[in-house]
Amino acid sequence: MRSTFKVLFYLKRNKERPLAPVMGRITVNGTIAQFSAKIEVPVRLWEVKGGRAKGKSVEADRINRHLDNIRGQINKHYQDICDHNSYVTAERVRNAYQGFDRKYQTLLEAFEKFTEGYRKRVGVDRARRTWECYRKCSEHLCFFMEKEYRVKDMPLLELEQSFIEKFHAYLSHDLGMSPNGLSGYLKCLKYVVKTAFNNGWIPRNPFAFYRYTPPQVERGYLTEKELQRLMSTPLRHKCQVRTRDMFLFSCFTGICHADMRSLEWKQFEQDAAGDWWVSGNRMKTGSKYLVKLLPVALSILNKYKGLAGPEKVFPMSTVKVMDRSLKFIAAGCGIEKQLSFHLARHTFATTISLMNGVPLIALSKMLGHKSITTTQIYAKVTESMIDQAITEVNERISEKYVL
């Protein structure tokens, strides 16, 4: 962005004094900052139109050389700020000239600090995939600012709500992202800027009133028949067998990929009746989950005992590798749905739990949700559930109401 820049000198006149101090005024893009030139000149020597001393006397020459030196320093600081930052104001140029310029935090710098702190918590109480989402958002912002604003970075002080609105349009139209995909990046941007505001880097949160709610997307899950077909179809490759077993364990426990990857044997306990339970804190939210192991999950657990070391439970690949493998597994099993590892969590919530009468509040505890409203997303009302409900009603009222 091109800047309008000007330095002007004028006198701060006092009628009772023959000498007047010289003041300077810096103008950049409509912003104004004033300063003292630290020199007094005779009023009779001052040329208002030129903003300097008139004549060729020794005194006039001394005054003008002093002013030219100030102008040269200011020009140098202005050019230096333009070369290294996109954010230029008259106040910032004046502060640089006077030697107490403070560094302005930029958006990408805020992202770098945030992601670096987040990376240190990955594997402790944060998920790697979320960290990767923040890093990817930073990359998208870099390309977006070059395209839309012709800058490589932007100071936080320069952000307005129009910025996130334009970023939304860029993700949607230029990159063709799905509503849920771009919603994730918008949340990343809003959270980093909110963190910057909380840290005192900016006086206000420019995105505080921006809202975007993606349209509700139907959550997929495997039906009982599809689940049986997945379990019974023979697979040719060992890596596919392992991926399927990990997927099935999630189908029968509701534990997501990130939590399964960090799962340790010390998280399992046996109760007085001999049943096994698994508990832990979700990496994504930190909330606790508690699940009683069904026979299928227990069988898979025993199958992989000791294969991932003394502490870890499962030898897990990355979610991208497993999602890619699941696509081939689905094709081999004749399942037309696009499988992803997270689909297993939906299957546990719907097919395994809700369709078999598990109360929503109990399911919320097993999934480790902070709010039951989150669990309601998985509350599928299927034909079999309607059939079961009406059958129970019929058994209770069939003898009461007879024509």
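Description of the structure in this document.

Basis of the calculations
- Residues numbered from 1 in each chain as written.
- Predicted model: local features only at pLDDT ≥ 70, side-chain atom pairs only at ≥ 80, totals over all residues.
- Heavy atoms only, no water.
- Pairing = 2+ DSSP bridges.
- Helix = DSSP H or I, 4+ residues; strand = E, 2+ residues; numbered from the N terminus.
- Axes fitted to C-alpha atoms, helices over the stretch in contact; angles between N-to-C directions.
- Contact = heavy atoms within 4.5 Å.
- Buried < 20%, exposed > 50% of the residue type's maximum accessible area, 1.4 Å probe, protein only.
- Lys, Arg positive; Asp, Glu negative; His and termini not counted.
- Salt bridge = Lys/Arg side-chain N within 4 Å of Asp/Glu carboxyl O.
- Parallel < 35°, antiparallel > 145°, perpendicular 65-115°, else oblique.
- Nonpolar A, V, L, I, M, F, W, Y, C, P; charged D, E, K, R; others polar.
- Core = buried A, V, L, I, M, F, W, Y, C linked by side-chain atoms within 4.5 Å.

## Brief notes about the sheet that holds strand 3 (residues 31-42)
Move 1: Pairing within the open sheet is antiparallel, and its three strands lie in the order 1-2-3. In this open sheet, the two strands that pair with only one neighbour each are strand 1 (5-11) and strand 3. With direction set aside, neighbouring strand axes in the sheet form an average angle of 20°.
Move 2: Where strand 1 lies against strand 2 (residues 19-28), seven bridges are found, and the strand directions are antiparallel. In the sheet register, V7 faces strand 2, and the bridge partner there is I26.
Move 3: Against the sheet, helix 2 (residues 90-98) touches strand 2 and strand 3, its axis set at about 40° to strand 3.

## Thoughts on the side chain of R244
Move 1: Position of R244 among the secondary structure elements: in helix 8 (residues 238-251).
Move 2: Look at R244: it is buried, it has no salt bridge, and the nearest opposite charge is D245 at 4.6 Å.
Move 3: Other than its neighbours up to four places away in sequence, R244 contacts L230, M231, T233, L235 and I329.

## Some details on unusual backbone geometry
Move 1: Phi at K38 takes a positive value of approximately 60°, unusual for a residue other than glycine.
Move 2: Within the secondary structure, K38 is located in strand 3.
Move 3: If you check the backbone angles, R150 has positive phi at about 60° while not being a glycine.
Move 4: The topology assignment puts R150 in the loop between helix 4 (128-148) and helix 5 (161-174).
Move 5: When its relative accessible area of 63% is taken as the criterion, R150 is described as exposed.

## Quick notes on the environment of E395
Move 1: Checked against the element boundaries, E395 lands in helix 15 (residues 383-397).
Move 2: Of the residues examined, E395 reaches a relative accessible area of 60% and is grouped as exposed.
Move 3: The spacing of E395 and A331 is 64 residues in sequence and 42 Å in space, taken between C-alpha atoms.

## A few points about the sheet that holds strand 6 (residues 268-270)
Move 1: The strand order across the open sheet built from three strands is 6-7-8, with neighbouring strands paired in antiparallel fashion. Across the chains shown, the open sheet's two edge strands, defined by having one partner strand only, are strand 6 and strand 8 (288-292). In this sheet, neighbouring strand axes are inclined to one another by 25° on average, regardless of whether the strands run parallel or antiparallel.

## Comments concerning the pattern of salt bridges
Move 1: Tallied over the entire structure, the rule returns 14 salt bridges.
Move 2: As a salt-bridge pair, R17 and E40 come within 3.3 Å of each other at their nearest N and O atoms. Placement of R17 in the loop between strand 1 and strand 2 and of E40 in strand 3 is noted, with a sequence separation of 23 residues between them.
Move 3: We classify R17 as partly exposed; its relative accessible area is 39%.
Move 4: The exposure class assigned to E40 is partly exposed, which follows from its relative accessible area of 36%.
Move 5: For E264, the salt bridge is made with K266, and the minimal N-O distance between the two is 3.3 Å.
Move 6: According to the relative accessible area criterion, E264 is buried, its value standing at 17%.

## Quick word on the pairing of strand 7 (residues 276-281)
Move 1: Pairing between strand 6 and strand 7: three bridges, direction antiparallel. Residue pairing for strand 7: F268 is matched across the bridge by V278.
Move 2: What sits between strand 6 and strand 7 in their antiparallel hairpin is a turn of five residues, with G274 showing a positive phi close to 90°.
Move 3: Bridging between strand 7 and strand 8 involves five bridges; their strand directions are antiparallel. Its bridge partner being in strand 8, W277 is matched across the sheet by K292.

## Considerations on the packing of helix 3 (residues 107-119) against helix 6 (residues 179-198)
Move 1: Remark: helix 3 packs on helix 6, axes separated minimally by 10 Å, with the N-to-C direction vectors making an angle of 90°. When the axes of helix 3 and helix 6 are compared, the pair comes out roughly perpendicular. Here L107, A110, F111 and F114 of helix 3 come into contact with helix 6, specifically with C188, L189, Y191, V192, V193 and T195.
Move 2: When the residues that make up the contact of helix 3 with helix 6 are grouped by side-chain class, the tally is nine nonpolar, one polar and no charged.

## A short note on the nonpolar core
Move 1: Core analysis: the biggest nonpolar cluster contains 44 residues, and F247, F249, F314 and F341 have the highest contact counts within it.
Move 2: Listed by contribution, the elements that provide at least two residues to this core are helix 7 (224-232), helix 8, strand 8, helix 10 (295-303), helix 11 (319-332), helix 12 (341-353) and helix 13 (360-367).
Move 3: Among all residues touching F247, those that are not within four sequence positions of it are L222, L230, L326, S340, F341, L343 and A344.

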